[in-house]
Number of protein chains: 2
Amino acid sequence: MKKYAEVYDYFKKLIENGALKTGDRLPSIRNACNILSVSKTTVQNAYFDLLADGYIISVNKSGYYVTEQKSVSDFKSEKKEKEIQILYDLKSGDADEESFDIKLWQRYIKSALRSQGRLLSYSEVQGEADLRQALSDYIREKRNVTASPDRIIVGAGVQWLLSVLCSLVKDRKTVSFPDKSFVQGMSLFEDYGYDVHTRYKDADIIYVSPSHMTAYGDVMPMKRRLELINYSEKTGSIIIEDDFDSDFLYQSKPTPSLYALSGNDNVVYMGSFSNVLIPGIRISFMVLTQELAKRFEASKHKFAQTASKTEQIALCQYIRDGHISSQTRKVRRHYTSKARLLFDNIKKELPDAAVTLGDNGLRVLINADFSGDISDFEKNKISVSIIKFEDGKITLSLTPSAIKECDIPKAVAVLKSILN
Amino acid sequence: MKKYAEVYDYFKKLIENGALKTGDRLPSIRNACNILSVSKTTVQNAYFDLLADGYIISVNKSGYYVTEQKSVSDFKSEKKEKEIQILYDLKSGDADEESFDIKLWQRYIKSALRSQGRLLSYSEVQGEADLRQALSDYIREKRNVTASPDRIIVGAGVQWLLSVLCSLVKDRKTVSFPDKSFVQGMSLFEDYGYDVHTRYKDADIIYVSPSHMTAYGDVMPMKRRLELINYSEKTGSIIIEDDFDSDFLYQSKPTPSLYALSGNDNVVYMGSFSNVLIPGIRISFMVLTQELAKRFEASKHKFAQTASKTEQIALCQYIRDGHISSQTRKVRRHYTSKARLLFDNIKKELPDAAVTLGDNGLRVLINADFSGDISDFEKNKISVSIIKFEDGKITLSLTPSAIKECDIPKAVAVLKSILN
């Protein structure tokens, strides 16, 4: 064990058992060194973690003080409050701690922070050049998407990238989404004055997510992919292919991307790393058509880069060293095994319900009789996506991404008590 | 000196003097440990830095290879190419390496990376709760802006925040900017269908940056501030107060914020940390009016957070520990002393030109006769903002933010040779 962790625990215990009370001042760093016979760095690191975890607060030039125990929870994000209310999260896309080697990521961030010269300047509007090169190589190898780095735009999240896209394609008026689940995308287009609906045959822009077609986790069959490409080539409409979750397909083999299938210059390809890495890292990218890339180049001065430069530098090297691929395999194994476990448990515990495992192997669907109230879920501290609830029948979509494996049987017991 | 730096230098020299050539394989980490009698971690860290600096590339499962020397420059960002062309940057807002204690920031990032639990979930749409609390305290103390954390929205850059704002204030049609310099802001409003102009008396939304009113670096006088507030209260227009550079005012004392001066609920206050910290960190924030904060709350699901969660956590603690204030003082001292040096040098070397130091003490303006061509600047590897060029007279605005102090006399010599 590292010494600083011992010092951390020492003070944490004093605070938790009340020996150090709210407002009490901690020994100065120098005094703590003497009392505990450790180095200054050790104490500093321990105090740092106590600060980060909200046990103490540092008052400028005065010292370190124990916080109100109430305020410890204020220090955590609002999320924390929700977590207290929700014991079993079967809804969010959050990650569980086993899914990501955060120590490895830390090394890359530390290395990026050493590129001091680069951090002093604003990030390239389009995204760092070396990251775009690494992305270009990665998607060519992985998804057969061939695009030079100058057609790739990096940004903090798909919503931001869509707003850049909206600014580039001003001559279009209608956009279609496969269903109404992607609210952030739909409302963005609405804000830009688009007519937004779900009929792709009436749309200038067709947003699809072929590996994750609906809230049910359907994968778009090959036949529909070709239909869609044919249609867009005939009408000149632009397809936005949001390829998220494609990495996770396991039951069906990964299907070719629309971008690779289409011979024409009418597919904008989008990808993101929030689900392969951790949600806290906000880096997405899009591959523009040649025509749109030209427009971007001509109006570059209109945009600002939103993604963290440090994280861009770190991600570039992380991809180059091949970690994305191994991380993807790890997450896929982990999430699909949780989904399978959830599926098996529900089958066993709720034999009367119709249970299916989504195409992409990441979601479980339940169709069951239900005479209760939808607030029953929250009351029982479980969160689920309710797809449909009418005539005494309920359809639930469950995502076992955030829940720990060991909690799955407990969550299913709660579901059983609610649905029966 | 740390051992890994010695190992780094060892290989760097071998590569630079050609003992290790393009495509040559470096010893495996284990072999390098034996050859150099150092630990595995030491070699790993050294290889990491060689990777980050583009000297070597890691080929998945195969080993580390020396890159093409040409490709070393590919590894750097596009910026690098520009830097080679431009020797004296008197235009950009980039930072110089003396302005920021990056080691200290690294400690906060490392500490944030240890909050593993928080990094697993998506960031709060509105920004991390603890950061918003810290921001609320900071702007109250610093700028007398009193706003509870639930009115603060965090995001990656002012442009993104403006797009959130546009989405919230749908009933408005016209916006005014003080001049045409803030292209990213103006074009965003245009994209949202606004009529954009520079006459505030015809606008539903009035964008101002009182501490940095024009490209000349003027500070808005008190009288104009009160006029503007009066006008907006009478007409119900919204003022967007972009408070960037307010921290840097030195000649005039910091003037009160419009937000603090206005008794009504009609000022949206914006701030950013890119210029106090380093441009690579993308965190800005805005304080919504009560009315707009309500709308945001009701339509939260429409937005995604764009700022890096790691950097939000780090910044929160950095602010709490009082470093923003000391960093601000440091940057202000450093930049204003550079501006003063530039001003004095130009006065001396170009006695016939009209030279002024901008109100905010950060810019130098030159009015001079000029019979050359504006491409002369780039040809002479110096970048400047040309405000006006007609009838043989040129007006330049110079920002000595990125340039090193020791380069200022050389840059002025170049300016002299161009202008004479």
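Conventions adopted
Throughout this description, residue numbers start from 1 for each chain and increase along the sequence as written. Written order decides the labels, with chains lettered from A and ligands numbered from 1. At least 70 in pLDDT is required for a residue's local features to be given in this predicted model, at least 80 for side-chain atom pairs to be given and counted, and no such filter applies to totals for whole chains, interfaces and linings, which use all residues. Side-chain numbers come from the whole structure's heavy atoms, not from hydrogens or water. Any two strands are treated as partners once DSSP identifies two or more bridges connecting them. Secondary structure is summarised from DSSP: a helix means a run of H or I of at least four residues, a strand means a run of E of at least two, and numbering begins at the N terminus for each. Note on geometry: axes are lines fitted to C-alpha atoms, helical ones only across the stretch in contact, with angles between N-to-C directions running from 0 to 180 degrees. For this analysis, a polar contact is any N or O atom pair within 3.5 Å, provided that within protein one partner can donate a hydrogen and the other can accept it, and provided that sequence-adjacent residues contribute only side-chain to side-chain pairs. By the convention used here, residues are in contact when the closest approach between their heavy atoms is within 4.5 Å. Patches were defined on residues exceeding 30% relative accessible area and lacking a salt bridge, with like-charge contacts within 9 Å and nonpolar side-chain contacts (Val, Leu, Ile, Met, Phe, Trp, Tyr) within 5 Å. Per-residue and other accessible areas follow the Shrake-Rupley method at a 1.4 Å probe size, with only the shown protein chains counted as cover for residues. Any carboxyl oxygen of Asp or Glu within 4 Å of a side-chain nitrogen of Lys or Arg constitutes a salt bridge here. Each residue gets one of three labels from its accessible area relative to the maximum for its type: buried under 20%, exposed over 50%, partly exposed in between, using a 1.4 Å probe on protein chains only. Superposition of the copies used a least-squares fit over C-alpha atoms from residues whose pLDDT is at least 70 in both. A helix is expected to span 1.5 Å for every residue after the first. It is the directions from the helix axis to the C-beta atoms whose arc is reported. pLDDT runs from 0 to 100 and stands for how confident the predictor is about each residue.

**So, the sheet that holds strand β11 (residues 354-357) of chain A**
All names here are of chain A. Judged by pairing direction, the sheet is antiparallel, and its four strands sit side by side in the order β11-β12-β15-β14 without closing on themselves. Two strands close off the open sheet at either side, each with one partner strand: β11 and β14 (385-390). Looking at each pair of strands side by side, their axes are set apart by 10° on average, direction ignored. Sheet topology places β11 next to strand β12 (residues 364-369); four bridges connect them, and they run antiparallel. Looking at β12, one finds that Leu357 is bridged to Val364.

**Digging into the side chain of Asp89 of chain B**
Relative to the assigned elements, Asp89 of chain B resides in strand β3 (residues 88-89). Within polar-contact distance, the side chain of Asp89 of chain B engages the backbone nitrogen of Lys91 of chain B at 2.9 Å.

**Points about the sheet that holds strand β12 (residues 364-369) of chain B**
All names here are of chain B. Taken in spatial order, the four strands make up an open sheet running β11-β12-β15-β14, and their pairing is antiparallel. The outermost strands of the open sheet, each flanked by one partner alone, are β11 (354-357) and β14 (385-390). Neighbour-to-neighbour, the strand axes of the sheet open up by a mean angle of 10°, direction not taken into account. Of the strands in this sheet, β11, β12 and β15 (393-398) touch helix α15 (residues 323-349), which is tilted by about 165° from β11.

**Notes on a nonpolar patch on the surface**
All names here are of chain A. A cluster of nonpolar side chains, contributed by Ile374, Ile386 and Phe389, occupies part of the molecular surface with about 240 Å² of accessible area. Within the fold, Ile374 resides in the loop between β12 and α16 (375-379). Accessibility expressed as a relative area gives 43% for Ile374, which makes it partly exposed.

**Some words on the relation of the copies chain A and chain B**
Of the transformation superimposing chain A on chain B, the axial component is 0.0 Å and the angular component is 180°, with the fit at an RMSD of 0.1 Å. Between the two chains, the operation in question is that of a two-fold axis. No C-alpha of chain A lies nearer the rotation axis than that of Tyr192 of chain A, which sits 2.8 Å from it. Most of the interface of chain A is mirrored in chain B, where 99% of its interface residues again form contacts.

**What to know about helix α14 (residues 309-320) of chain B**
All names here are of chain B. If you check α14, its first and last C-alpha atoms are 17 Å apart, about what twelve residues at 1.5 Å a residue would give, namely 16 Å. Most of α14 sits out of view: twelve of its twelve residues are buried. Every buried residue of α14 is accounted for by Lys309, Thr310, Glu311, Gln312, Ile313, Ala314, Leu315, Cys316, Gln317, Tyr318, Ile319 and Arg320. Once α14 ends, the next one or two residues include Gly322, with phi positive near 80°.

**Remarks on helix α17 (residues 408-419) of chain B**
Residue and element names in this part refer to chain B. Its twelve residues place the ends of α17 16 Å apart at the C-alpha level, agreeing with the 16 Å of an ideal helix rising 1.5 Å per residue. Those residues of α17 that sit buried are Ile408, Ala411, Val412, Val414, Leu415, Ile418 and Leu419. Taken end-on, α17 shows its buried residues confined to a sector of 160°, consistent with a single buried face. On its buried face, α17 sits against β3, α15, β12, α16 (375-379), β13 (382-383) and β15.

**Observations concerning the confidence of the model for chain A**
Residues and elements named next belong to chain A. Per-residue pLDDT for chain A has a mean of 84; in total, 90% of the residues score no lower than 70. In the model of chain A, helix α4 (residues 69-75) stands out as the element of lowest mean pLDDT, 39, in contrast to strand β4 (residues 152-155), which has the highest, 97. Low pLDDT, under 50, characterises residues 70-84; the stretch is placed with 26 contacts to residues that sit more than four places away or in other chains. Predicted complex, confidence summary: ipTM 0.70, pTM 0.73.

**Points about the pattern of salt bridges**
Residues and elements named next belong to chain A. For the structure on display, the rule yields 30 salt bridges over all chains. Between Arg340 and Asp344 there is a salt bridge, with its nearest N and O atoms 3.8 Å apart. Here Arg340 pairs with Asp344, and both are found in helix α15 (residues 323-349), just four residues apart, close to one helical turn. In this structure Arg340 comes out as partly exposed when scored by relative accessible area, which is 37%. Among the ionic contacts, a cluster of salt bridges with common partners joins Arg118, Glu128 and Asp130.

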